[in-house]
Amino acid sequence: GGRALGMGDAFGAVADDGSAVYWNVAGLTQLERAELNLFLGPLLNGKEYYTFLSFGAPFFQDTVWQLSVISLIHNDKNNTKEFTVVGSFASALNLERTFSVGVNIKYLNYNSSASYTTSSGVTLQGIANGLGLDLGVLYQMPLPQWGKKINLGLFIQDIDTTLHWQGGTTEEKIPTIFKVASAYYLEDNLLATVDIDFLKDLN
C-alpha cells in the first residue's frame, strides 16, 4: 500500500485497510464496508514487478474476511514467478471492538525454468510450493483526554512456513518475523507511530 510505504513501513498498529494482511491482519476488523485494493510496483528499474490484489468485507458482527493475491514476476531468462494466495479472517473479541485477532492462511508458489544437478546426480527443479500461517493481535485503547487513542499491535509472520522444492527432498524454512507496533492518534488525521521487527533467519 502506498500509505504504509509513505509512513516508512510503520503500519502494524494502524492497518486499517486491505493491506493489513501484510502489516497486521488483526487490523482488518477496522473495515466498515467491502473494499477492493490494487497495488502495482515496478522494482529495480523494471527487473521485477510486484502486484497486490485483494477483496475483503465485513460479515456477521465484528468479523471480516479477505482474499488476497500477491505476485512477484522477475524479468529474467528463467521466467521466474512467485505467487502467494492469502485467505484472511479477523474478529473483534469484545463488545467495544477494542481487542481483535486475525489469521492469514497462505499458499506459496515459486516457479522457474532454472534447474541444478547435484554431485550425486539428483536434478533439482526451480519449482516450489508451501503453506504458511500468520497471526495478528490489535488492541485499541481510547484516550479522550489526551488525544483520540493508542493502538498496540503484534504480528507474527510465517509462524510455520516451509517451501517444498520439486525434484528432490529439499525443504526451505521461511524465517519467522515478529512485528511489534504502536500508534498514538492525536487527532483523527494526525498520528505518531513506530514499528520494530525481530527476524530470526534460520538460513
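This is a predicted model, so every value here is computed, not measured. Along each chain, numbering runs from 1 in the same order as the chain's sequence is written. Reporting of local features is limited, given that this is a predicted model, to residues whose pLDDT is at least 70; pairs of side-chain atoms are given and counted only at 80 or more, and all residues count toward the totals for whole chains, interfaces and linings. Side-chain measures were taken over the full set of non-hydrogen atoms in the model, leaving aside hydrogen atoms and water.

**Q** Which residues make up the overall build of the chain, and what values go with them?
**A** In this text, helices come from DSSP runs of H or I with a minimum length of four residues, and strands from runs of E with a minimum of two, each type numbered from the N-terminal end. Helix and strand counts for the chain come out as 2 helices and 11 strands. Listing each helix as α and each strand as β along the chain from the N terminus yields α-α-β-β-β-β-β-β-β-β-β-β-β. Taken along its principal axes, the extent of the C-alpha atoms in the chain is 70 × 35 × 30 Å. Expressed as a percentage of its 203 residues, the buried residues of the chain come to 38%. In what follows, a contact means two residues having at least one pair of non-hydrogen atoms within 4.5 Å. Residue pairs at least 24 apart in sequence account for 49% of intrachain contacts in the chain once pairs closer than 6 positions are excluded. A 1.4 Å probe and the Shrake-Rupley method give the accessible areas. Residues count as covered only by the protein chains that appear here. Within the structure as shown, the chain displays about 11500 Å² of accessible surface, and the carbon and sulfur contribution to it stands at 60%. Placing the 12 positive and 20 negative side-chain charges of the chain at their respective mean positions leaves the two points 3 Å apart. Three labels apply to residues, based on accessible area from a 1.4 Å probe with only protein chains included: buried if under 20% of the type maximum, exposed if over 50%, partly exposed otherwise in between. Note that His is not counted, nor are the chain ends; the positive residues are Lys and Arg, and the negative ones are Asp and Glu. Lysine's charge is taken at NZ, arginine's at CZ, aspartate's at CG and glutamate's at CD.

**Q** Describe the pattern of salt bridges, with residues and values.
**A** The salt bridge criterion pairs a side-chain nitrogen of Lys or Arg with a carboxyl oxygen of Asp or Glu, the two atoms within 4 Å. By the definition in use, this model includes 6 salt bridges. Notably, a salt bridge pairs Lys106 with Asp134, separated by 3.2 Å at the nearest N-O pair. Here Lys106, found in strand β5 (residues 99-117), pairs with Asp134, found in strand β6 (residues 123-142); they are 28 residues apart in sequence, far enough to count as distant. Residue class for Lys106 comes out buried when judged on its relative accessible area of 8%. A salt bridge links Lys173 to Asp160, with the shortest nitrogen-to-oxygen separation between them at 2.8 Å. Of the two residues, Lys173 is situated in strand β9 (residues 171-173) and Asp160 in the loop between β7 (149-157) and β8 (162-165); the sequence distance between them amounts to 13 residues. Overall, the relative accessible area of 25% leaves Lys173 in the partly exposed class. Through salt bridges with shared partners, one network takes in Lys106, Asp134 and Asp158.

**Q** Just give me the short version of the environment of Asp76, but keep the residues and values in it.
**A** Here Asp76 lies in the loop between β3 (63-74) and β4 (81-92). What qualifies as a polar contact is a pair of N or O atoms within 3.5 Å, subject to a donor-acceptor requirement within protein and to the restriction that residues adjacent in sequence count only when both atoms come from side chains. There is a polar contact of 3.0 Å between the side chain of Asp76 and the backbone nitrogen of Asn79. A distance of 2.9 Å separates a polar atom in the side chain of Asp76 from a polar atom in the side chain of Thr80.

**Q** Can you lay out the nonpolar core for me, pointing to particular residues and giving the numbers?
**A** With 12 residues, the main nonpolar core is built from Ala15, Ala20, Val21, Val25, Leu28, Leu31, Phe52, Val64, Ile70, Val86, Ala90 and Phe155. Among the elements of the structure, α2 (20-23), β3 and β4 are those that each provide at least two residues to this core. Residues within four places of Phe52 in sequence aside, it is in contact with Gly18, Ser19, Val21, Asn37, Leu38, Phe39, Gln66, Ser68, Val69 and Ile70. Here, the term nonpolar core denotes a set of buried Ala, Val, Leu, Ile, Met, Phe, Trp, Tyr and Cys residues that are joined through side-chain atoms within 4.5 Å. Formed by 8 residues, the second largest nonpolar core is a distinct cluster that contains Ala13, Ala181, Ala183 and Tyr185.

**Q** Describe the side chain of Asn109, and please don't skip the residues or the numbers.
**A** Inspection of the secondary structure puts Asn109 in strand β5. Taking relative accessible area as the criterion, Asn109 reaches 18% and is therefore assigned buried. Here the side chain of Asn109 touches Asn129 through a polar contact of 2.8 Å, side chain to side chain. Beyond its immediate stretch of four places on either side in the chain, Asn109 contacts Lys81, Glu82, Phe83, Ala128 and Asn129.

**Q** How would you explain the packing of aromatic side chains if you had to name every residue and give the values?
**A** The aromatic pairing rule takes the rings of Phe, Tyr and Trp, using the six-membered ring of Trp, and pairs them if the centres are within 6.5 Å, calling planes under 30 degrees apart stacked, those over 60 edge-to-face and the rest tilted. Taken as a whole and assessed by the stated rule, the structure comprises 7 aromatic pairs. Arranged with centres 6.3 Å apart and planes meeting at 70 degrees, the rings of Phe39 and Tyr50 form a pair that is edge-to-face. Here the residue Phe39 occupies a position in strand β1 (residues 35-43), and Tyr50 occupies one in strand β2 (residues 48-59), the gap between them amounting to 11 residues. Among the aromatic residues, those joined into a cluster by ring pairs are Phe11, Tyr22 and Trp23. Here, a charge over a ring means that NZ of Lys or CZ of Arg falls within 6 Å of the ring centre while also lying within 35 degrees of the ring normal. Residue placement shows Lys149 over the ring face of Tyr185; its charged tip is 4.8 Å from the ring centre.

**Q** Provide a residue-level description of the environment of Asn79, including the pertinent values.
**A** With respect to the helices, strands and loops of the structure, Asn79 is situated in the loop between β3 and β4. For Asn79, a relative accessible area of 48% gives the class partly exposed. Taking the C-alpha atoms as reference points, Asn79 and Ala114, 35 residues apart in sequence, are found 8.7 Å from one another. Those residues in contact with Asn79 that lie beyond four places of it in its chain are Asn111 and Ser112.

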